[in-house]
Amino acid sequence: ETRDDMAVDITNGLGPNWTFWGSGTAKIIWDSTKWIVVDQFEAGLPYTVMGITKARPLTMLKLQSIKTEGFAWFASTHLAVNIPNEEAIRQKQIRLVIQHVEERPDHERVIIFGDFNSIPTNASVRKIAGDAGYKHLRAKLSTITRKTCNSFNGWKVTKRESKWIDDVLMSPKVKPY
């Protein structure tokens, strides 16, 4: 979740080989000495407020490892927040994200990351993704135990400390290291 000026600052700070792509606040940043882009997709995730239709961003890149030639789709999104009926809108948006992912060729390996803005007491957005086969990174890597930097714990500690890692979901064929 970042604006263009922030992505420029981040990539400049990481070094000359880093780049980014994406519109709105859904960006993907990668090291161009390690990954090449082999496909891309962008869409808006629509919602209506007071009769005005708007859209939240979805950015997707299929990146291929230069070293191994393995690949995965990386999908970044930022779901609706601070609007009436927001949880129902987010549920529709996550279903649309999953639909767009499944329409892509070679969609078996995908990592979905972003700010779901889901209400901490309601895990419906994550449940919808989980029911579609996308599991949270923390569920796959039990060695990650820091409770102060995650949204997996319902953000109770995280929000108070003003630091968190937004959601990272993976399809069954993605093996984290």
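This write-up is about the structure you can find in this document. Owing to the predicted nature of the structure, the values given are computational and were not obtained by experimental measurement.

### Quick look at the packing of helix 2 (residues 86–103) against helix 3 (residues 124–131)
Orientation of helix 2 relative to helix 3, taken along the N-to-C sense of each, is 25°, at an axis distance of 9 Å. With respect to their mutual orientation, helix 2 and helix 3 come out roughly parallel. Helix 2 and helix 3 meet at a crossing whose hand is right-handed. Of the residues in helix 3, those touching helix 2 at Glu87, Arg90, Gln91, Ile94, Arg95 and Ile98 are Ser124, Val125, Ile128 and Ala129.

### Points about the pattern of salt bridges
For the structure shown, the criterion picks out seven salt bridges. The closest approach of N and O atoms between Arg3 and Asp5, which form a salt bridge, is 3.0 Å. For Asp5, a relative accessible area of 41% translates into the label partly exposed. Between Asp131 and Lys127 there is a salt bridge, with the nearest N and O atoms lying 2.9 Å from each other. Here Asp131 and its partner Lys127 are both found in helix 3, four residues apart, which amounts to about one turn of the helix. Taken together, the shared-partner salt bridges in this structure form one network comprising Glu86, Glu87 and Arg90.

### Considerations on the packing of aromatic side chains
All chains considered together, the criterion is met by one aromatic pair. A centroid spacing of 5.7 Å and a plane angle of 80° characterise the contact between Trp35 and Phe74, whose relative ring orientation is edge-to-face. Highlighted residues: Trp35 in strand 3 (residues 35–49) and Phe74 in strand 5 (residues 71–78), separated in sequence by 39 residues. Overall, Phe74 belongs to the buried group, its relative accessible area being 15%. It is Lys62 that lies over the ring of Phe71; its NZ or CZ is 4.4 Å from the centre.

### A look at the layout of surface pockets
For the largest pocket, the calculated volume is near 850 Å³. Along the wall of the largest pocket there are 30 residues; nearest its centre are Ile29, Trp35, Phe74, Ile111 and Phe113. Elements supplying a minimum of two residues to the lining of the largest pocket: strand 2 (28–31), strand 5, strand 6 (110–115) and strand 8 (167–170).

### A look at the environment of Arg90
For Arg90, the position within the fold is in helix 2. Spatially, the C-alpha atom of Arg90 lies 6.8 Å from that of Val125, the residues being 35 residues apart in sequence. A polar contact of 2.7 Å, which involves the side chain of Arg90, links it to the side chain of Glu87.

### Some points on a nonpolar patch on the surface
Taken together, the side chains of Met6, Ile10 and Leu14 make up a nonpolar region of the molecular surface, amounting to roughly 240 Å² of accessible area. Looking at where Leu14 falls in the secondary structure, it is placed in helix 1 (residues 4–14).

Scoring rules and cut-offs
Per chain, the residues get numbers from 1 upward, laid out in the order the sequence is written. A pLDDT threshold of at least 70 governs which residues receive local features in this predicted model, and a stricter bar of 80 or more applies before side-chain atom pairs are shown or counted, although totals over entire chains, interfaces and linings include all residues. Side-chain calculation: all heavy atoms of the structure are included, whereas hydrogens and water are not. Note on method: axes are straight lines fitted to C-alpha atoms, helices fitted across the in-contact stretch only, with angles between N-to-C directions ranging 0 to 180 degrees. Numbered from the N terminus, helices here are DSSP runs of H or I no shorter than four residues, and strands are runs of E no shorter than two. Should an angle lie under 35 degrees it is considered roughly parallel, over 145 roughly antiparallel, and from 65 to 115 roughly perpendicular; all remaining angles are considered oblique. Handedness of a crossing is defined here by the sense of rotation of the near helix relative to the far one, left-handed for an anticlockwise turn of less than a right angle and right-handed for a clockwise turn. A contact between two residues is defined here by any heavy atoms of the two lying within 4.5 Å. Any carboxyl oxygen of Asp or Glu within 4 Å of a side-chain nitrogen of Lys or Arg constitutes a salt bridge here. Between buried and exposed lies partly exposed: a residue is buried under 20% and exposed over 50% of the maximum accessible area for its type, with that area taken using a 1.4 Å probe on protein chains only. Here a pair means two rings of Phe, Tyr or Trp (six-membered ring of Trp) with centres within 6.5 Å. Their orientation is stacked below 30 degrees between planes, edge-to-face above 60, and tilted elsewhere. Over a ring means this: the NZ of a Lys or the CZ of an Arg is within 6 Å of the ring centre and within 35 degrees of the ring normal. Definitions used throughout: a 1 Å grid over protein atoms alone; a cavity as a set of points that fits a 1.4 Å probe which cannot get out; a pocket as an open set with protein on both sides within 12 Å along at least five of seven lines; a lining residue as one with an atom within 4 Å of a point. Grid points are joined across faces, edges and corners, and a volume is the space filled by probe spheres set on the points. Nitrogen and oxygen atoms within 3.5 Å of one another constitute a polar contact, given that in protein one can donate a hydrogen and the other can accept it, and given that sequence-neighbouring residues count only through two side-chain atoms. Every patch collects residues that have over 30% relative accessible area and no salt bridge, joining them within 9 Å if they carry like charges and within 5 Å if they are nonpolar side chains (Val, Leu, Ile, Met, Phe, Trp, Tyr). Each accessible area is a Shrake-Rupley estimate made with a 1.4 Å probe; only the visible protein chains count as cover when residues are assessed.

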